[in-house]
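Residues per chain are reported as follows:
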Protein chains: 2
Amino acid sequence: MRNIKLTLMYDGTFYHGWQRQKNVVTVQQKVEEGLGTIFNENRVIVHGCSRTDAGVHAREYVCSFNTEAKIPAEKIPFALNTCLPSDIRAYKAEDVPEDFHAQYRAKSKIYSYTVLNAPHGDAFLRNRVWHYPRKIDMEKVRYAAAFLEGKHDFRTFMALDASQTIFEKTMYSLSAEKDGDIITFKLHADGYLYNMVRIICGTLVFMGSGVLNHLDMPQVLASLDRRRAGITAPPQGLVLEKVFY
Amino acid sequence: MRNIKLTLMYDGTFYHGWQRQKNVVTVQQKVEEGLGTIFNENRVIVHGCSRTDAGVHAREYVCSFNTEAKIPAEKIPFALNTCLPSDIRAYKAEDVPEDFHAQYRAKSKIYSYTVLNAPHGDAFLRNRVWHYPRKIDMEKVRYAAAFLEGKHDFRTFMALDASQTIFEKTMYSLSAEKDGDIITFKLHADGYLYNMVRIICGTLVFMGSGVLNHLDMPQVLASLDRRRAGITAPPQGLVLEKVFY
């Protein structure tokens, strides 16, 4: 049995996230159906590197599946793309050892989150950014962000309905850059709690715009209290950029 | 009666172009309906700077309309955006003399056309580029493009069903740049024949990839024969970038 590592990109706008669910369309379902078609198999099971939420995007999403098919790995993206909707694209496939698992073997992940800080929305970026018109002070954002780098209990930034039980994660880096009206956050951590990136970015935007006090970040982080953080930033600004193994 | 110049951007993916038509949704219709709502008028008539085709985009689309409303011009985009779908955004409005007309007063326009020259499509750019996987030689593209600058009869590059009767246009500049897998054409002319940008870009891509001979461009241009040109490049790569008055 071969084990194939497959790299995808997808625009999550029209999907209820990665994971298969009843009665809604998901990316996993589309990929499994596409692989089923090209391999002429009833059900191919694909293991993804993470569950992304509805509306969240991925530029480099890694998943894996088993097959007995003899097709050379590098041909799989070409075949699969003929069976996928155009907002999901496969662009790399390779044979990997059978103990490779896209989720459990992941060492760290990079996410980006994009904010449009301008009076009016953008017709082209509407599904890719959080449009936040109020002025954001990047000095305040960076001051607060610096406290989140390193190893911390990140429970403050976890959705209340999450089921995770290990709260300590290491944030290798958290940067915030502004280019014109576009603010891009880039986070690199060894793992993430549920909704952690979106709650961190919601908090940093609130601190940058004075809704919350940026000087309070150390206390907010130490409180382990979700109510001290800002809102969960909307999903469309979030992109899973890269997974390291 | 005030005459208002309004600047919009729109993602044309889900519209049958700018101009109002029966039984299909167009950008003009949405803008006129939105203005009708904010001014509480039955029908506001908007004059656009050009008819864009279905699927074509605009980053700076200029239109104008008359109104008796007393709202300050700079407030109009904020009010209008609450009544427009998110893929159409108004971002500038100003009072102009009554003889201003968005189409007849336009001195020149800049269009861009974008090609994704890569083996696989791009999930994010699917509605914004022509995905053309065959290798494109930029030297050949630029060699051929240079012959199109200046004043010419551009009939070779006009759709056969066009109704225009003045074929001479001045192409101030036509550039082709490659950045990674993305090729961007930028055209600046005092006017355009129907489908001219798309046919020029289809021809240049064909010449760059060897489907047509790039050395033939002078003869193709001089032939005034649509059959000598390449295909009409698909609409989604085209963006009206700027209109000069």
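Residues numbered from 1 in each chain as written. Chains lettered and ligands numbered in written order. Predicted model: local features only at pLDDT ≥ 70, side-chain atom pairs only at ≥ 80, totals over all residues. Heavy atoms only, no water.

**Examining the packing of helix H3 (residues 138–146) of chain A against helix H4 (residues 196–208) of chain A**
Residue and element names in this part refer to chain A. Remark: H3 packs on H4, axes separated minimally by 8 Å, with the N-to-C direction vectors making an angle of 135°. Classed by the angle they form, the pair H3 and H4 counts as oblique. The element H3 and its partner H4 pack so that their crossing is right-handed. Facing Lys-140, Val-141, Ala-144 and Ala-145 of H3, the residues of H4 in contact are Leu-204, Met-207 and Gly-208. Considering only residue class, the contact of H3 with H4 consists of five nonpolar, one polar and one charged. (Axes fitted to C-alpha atoms, helices over the stretch in contact; angles between N-to-C directions. Helix = DSSP H or I, 4+ residues; strand = E, 2+ residues; numbered from the N terminus. Parallel < 35°, antiparallel > 145°, perpendicular 65-115°, else oblique. Left-handed = near helix turned anticlockwise from the far one by under 90°. Contact = heavy atoms within 4.5 Å. Nonpolar A, V, L, I, M, F, W, Y, C, P; charged D, E, K, R; others polar.)

**Things to note about the confidence of the model for chain A**
Predicted confidence across chain A gives a mean pLDDT of 96, with 100% of residues reaching 70 or more. Scored as a complex, the prediction yields pTM 0.92 and ipTM 0.91. (pLDDT = per-residue confidence, 0-100.)

**A short note on helix H1 (residues 27–39) of chain A**
Since one α-helical turn is 3.6 residues long, residues separated by three or four positions face the same way. Residue and element names in this part refer to chain A. Spanning 13 residues, H1 covers 18 Å between terminal C-alpha atoms, matching the ideal 18 Å at 1.5 Å per step. Among all positions of H1, only Val-27, Gln-28, Gln-29, Val-31, Glu-32, Gly-34, Leu-35, Gly-36 and Phe-39 are buried. Where the residues of H1 are buried, they touch strand E1 (2–10), strand E2 (46–48), strand E3 (57–67), helix H2 (76–81) and strand E4 (88–96). Its side-chain oxygen at 3.3 Å from the backbone nitrogen of Gln-29, Thr-26 defines the N-terminal cap of H1. Asn-40 occupies a position one or two residues after H1 and carries a positive phi of about 55°. (Expected span 1.5 Å × (residues − 1). Buried < 20%, exposed > 50% of the residue type's maximum accessible area, 1.4 Å probe, protein only. Polar contact = N/O pair within 3.5 Å; in protein donor to acceptor, adjacent residues only side chain to side chain.)

**A look at a nonpolar patch on the surface**
A contiguous nonpolar surface patch, about 260 Å² in accessible area, is contributed by Tyr143(B), Phe147(B) and Leu215(B). Along the chain, Phe147(B) falls in the loop between helix H3 (138–146) and strand E7 (150–153). (Patch = residues over 30% accessible without salt bridge, like charges linked within 9 Å, V, L, I, M, F, W, Y side chains within 5 Å. Areas by Shrake-Rupley, 256 points an atom, 1.4 Å probe, with all protein chains shown as cover. Salt bridge = Lys/Arg side-chain N within 4 Å of Asp/Glu carboxyl O.)

**Looking at the pairing of strand E5 (residues 108–116) of chain A**
All names here are of chain A. With respect to burial, E5 is a largely interior element, nine of its nine residues being buried. Of the two faces of E5, the one holding Ser-108, Ile-110, Ser-112, Thr-114 and Leu-116 and the one holding Lys-109, Tyr-111, Tyr-113 and Val-115 are both buried throughout. Both E5 and strand E10 (residues 238–244) contribute to a ladder of six bridges, which runs antiparallel. If you follow Tyr-113 over to E10, its bridge partner there is Leu-238. Looking at chain direction, E5 and strand E6 (residues 130–131) are connected through two bridges and run parallel. Bridge assignment links Val-115 to a residue of E6, and that residue is Trp-130. (Pairing = 2+ DSSP bridges.)

**Considerations on the interface of chain B and chain A**
Chain B puts 24 residues into the contact, and the matching count from chain A is 24 residues. Together chain B and chain A conceal approximately 1,900 Å² of surface at their shared face, both sides included; 67% is due to carbon and sulfur atoms. When the buried area of chain B at its contact with chain A is split by residue, His120(B), Phe124(B) and Arg126(B) rank highest and sum to 40% of it. Where chain B packs against chain A, one counts two salt bridges. Between Arg126(B) and Asp11(A) there is a salt bridge whose closest N-O contact spans 3.1 Å. (Buried area = accessible area lost by both parts, 1.4 Å probe.)

**Side note on the relation of the copies chain B and chain A**
Expressed as a screw operation, the relation of chain B to chain A combines 0.0 Å of axial shift with a rotation of 180°, fitting to an RMSD of 0.0 Å. Taken together, these values place the two copies in the relation of a two-fold axis. Interface residue correspondence from chain B to chain A reaches 100%, placing this contact among same-surface, isologous pairings. (Least-squares fit on C-alpha atoms with pLDDT ≥ 70 in both.)

**Observations concerning the packing of aromatic side chains**
Counted under the stated rule, the structure contains 18 aromatic pairs over all chains. Centre to centre, the rings of Tyr111(A) and Tyr192(A) are 4.9 Å apart; their planes meet at 85°, and the pair counts as edge-to-face. Within this pair, whereas Tyr111(A) is found in strand E5, its partner Tyr192(A) is found in the loop between strand E9 (182–189) and H4, the two being separated by 81 residues in sequence. For the pair Tyr111(A) and Tyr192(A), one class covers both residues: buried. Between Tyr10(B) and Tyr61(B) the ring centres are 5.5 Å apart and the planes differ by 50°, which places this aromatic pair in the tilted class. Of the two residues, Tyr10(B) is situated in strand E1 (residues 2–10) and Tyr61(B) in strand E3 (residues 57–67); the sequence distance between them amounts to 51 residues. (Phe/Tyr/Trp six-rings, centres within 6.5 Å; stacked < 30°, edge-to-face > 60°.)

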